[in-house]
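Structure assessment
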Amino acid sequence: LALAGTGKTWKEAGKAVGTPLYGYGIYFAERITKADEYSEPMPQDDPLVASLGVDSDESLHCVLVCRVLGGRTRVVTTNEFEIDKLKADVFEGPYNSVFGDRESTLGKPYREVVVYDKDQCFPEFLLVYSRVYG
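Position numbers for residues start from 1 in each chain and track the written sequence from start to end. A pLDDT threshold of at least 70 governs which residues receive local features in this predicted model, and a stricter bar of 80 or more applies before side-chain atom pairs are shown or counted, although totals over entire chains, interfaces and linings include all residues. Hydrogens and water molecules were not included; the side-chain quantities draw on all heavy atoms of the structure.

**A word on the overall build of the protein chain**
Secondary structure assignment for the protein chain yields three helices and six strands. Two residues qualify as a contact provided that any one of their heavy atoms is within 4.5 Å of a heavy atom in the partner residue. Considering only contacts within the protein chain whose residues lie at least 6 apart along the sequence, 64% involve residues at least 24 apart. Exposure was quantified through the Shrake-Rupley algorithm and a 1.4 Å probe, taking into account, for residues, occlusion by the shown protein chains and nothing else. When the accessible surface of the protein chain is split by element, carbon and sulfur atoms take 53% of a total near 9100 Å². Secondary structure elements follow DSSP: runs of H or I of four or more residues count as helices, runs of E of two or more count as strands, with numbering from the N terminus.

**So, the sheet that holds strand 5 (residues 111-115)**
Criterion used throughout: strands pair if DSSP finds at least two bridges between them. Read across the sheet, four strands follow the order 1-5-4-3 without closing on themselves; strand pairing throughout is mixed. Looking at the sheet topology across the chains shown, the edges are occupied by strand 1 (26-29) and strand 3 (73-76). Across the sheet, the mean angle separating the axes of adjacent strands is 20 degrees when strand polarity is ignored. By the bridge criterion, five bridges tie strand 4 (residues 97-101) to strand 5 in an arrangement that is antiparallel. Bridging across to strand 5, Phe99 finds its partner in Val113. In this analysis an axis means a line fitted to C-alpha atoms, helices contributing only their contacting stretch, and an angle means the value between N-to-C directions, from 0 to 180 degrees.

**Details of helix 3 (residues 83-91)**
Buried residues of helix 3: Leu86, Asp89 and Val90, and no others. Across the axial projection of helix 3, the buried residues extend over an arc of 90 degrees, all falling on one side. Across helix 3 from its buried face, at more than 90 degrees, point the exposed residues Asp84 and Phe91. Buried residues in helix 3 make contact with strand 3 and strand 4. Each residue gets one of three labels from its accessible area relative to the maximum for its type: buried under 20%, exposed over 50%, partly exposed in between, using a 1.4 Å probe on protein chains only. The arc in question is the one traced by the directions running from the helix axis out to the C-beta atoms.

**Digging into the nonpolar core**
Formed by Tyr22, Val76, Leu86, Val90, Val98, Val114 and Tyr116, the largest nonpolar core amounts to seven residues. In this view, Val90 contacts Tyr95, Asn96, Ser97, Val98 and Tyr116; residues no more than four positions away in its chain are not counted. Think of a nonpolar core as a cluster: buried Ala, Val, Leu, Ile, Met, Phe, Trp, Tyr and Cys residues, connected wherever their side-chain atoms sit within 4.5 Å.

**What about the confidence of the model for the protein chain?**
The predictor's confidence in any single residue is recorded as pLDDT, a number from 0 to 100. Residue-level pLDDT values for the protein chain average 84, and 87% of them are 70 or greater. Averaged over each element, pLDDT in the protein chain is lowest for helix 2 (residues 47-52) (84) and highest for strand 3 (95). Considering only residues more than four positions removed or in separate chains, one finds that residues 1-9, a stretch of pLDDT under 50, has 11 contacts.

**Re a nonpolar patch on the surface**
Patch definition: residues with relative accessible area over 30% and no salt bridge; like charges joined within 9 Å; nonpolar side chains (Val, Leu, Ile, Met, Phe, Trp, Tyr) joined within 5 Å. Note on definitions: salt bridges are taken to be side-chain nitrogens of Lys or Arg within 4 Å of carboxyl oxygens of Asp or Glu. A contiguous nonpolar surface patch, about 350 Å² in accessible area, is contributed by Ile32, Val65, Phe125 and Leu127. Residue placement: Leu127 occurs in strand 6 (residues 121-130). Classification of Leu127 as partly exposed rests on a relative accessible area of 39%.

**Some words on the side chain of Ser97**
Counting through the fold element by element, Ser97 comes out in strand 4. On the basis of relative accessibility, which here comes to 0%, the residue Ser97 falls in the buried class. The term polar contact refers here to a pair of N or O atoms within 3.5 Å; inside protein, the definition further demands a hydrogen-donor-capable atom paired with an acceptor-capable atom, and it admits residues adjacent in sequence only when both atoms are side-chain atoms. A polar contact is formed between the side chain of Ser97 and the backbone oxygen of Gly70, at a distance of 2.8 Å. Of note is the side chain of Ser97, whose polar atom sits 3.1 Å from the side chain of Thr73. The residues touching Ser97, leaving out its near neighbours within four places in the chain, are Gly70, Arg72, Thr73, Arg74, Val90, Val114, Val115 and Gln120.

Okay, structure coming up:
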């Protein structure tokens, strides 16, 4: 799946640091701040950066806004789960995705959805932005 004509693809499993919490899949966050944690600055020589005419000292980032079909979702509210059982629930069982609710029990500031089939997600918008601190 090429991203917005850039030639880049979904992150390959081998490039991840360690094993992802819910296994290798496509992760989505409902808060932009969580998604922003994974966004890297776009190269200054990227044609999109050049076309926007931004200052060379300003870094741009991008994220995708996607429609995601979760189907029947396996809800996980703790860090105490068996990854093999979770995978079996989705790949062999009645579930189509994982909903990691890190807010309700753990008090974390985000929730995320993980799908394991690229056909369950549709990238709808590419947001290009600069970070403003303050």
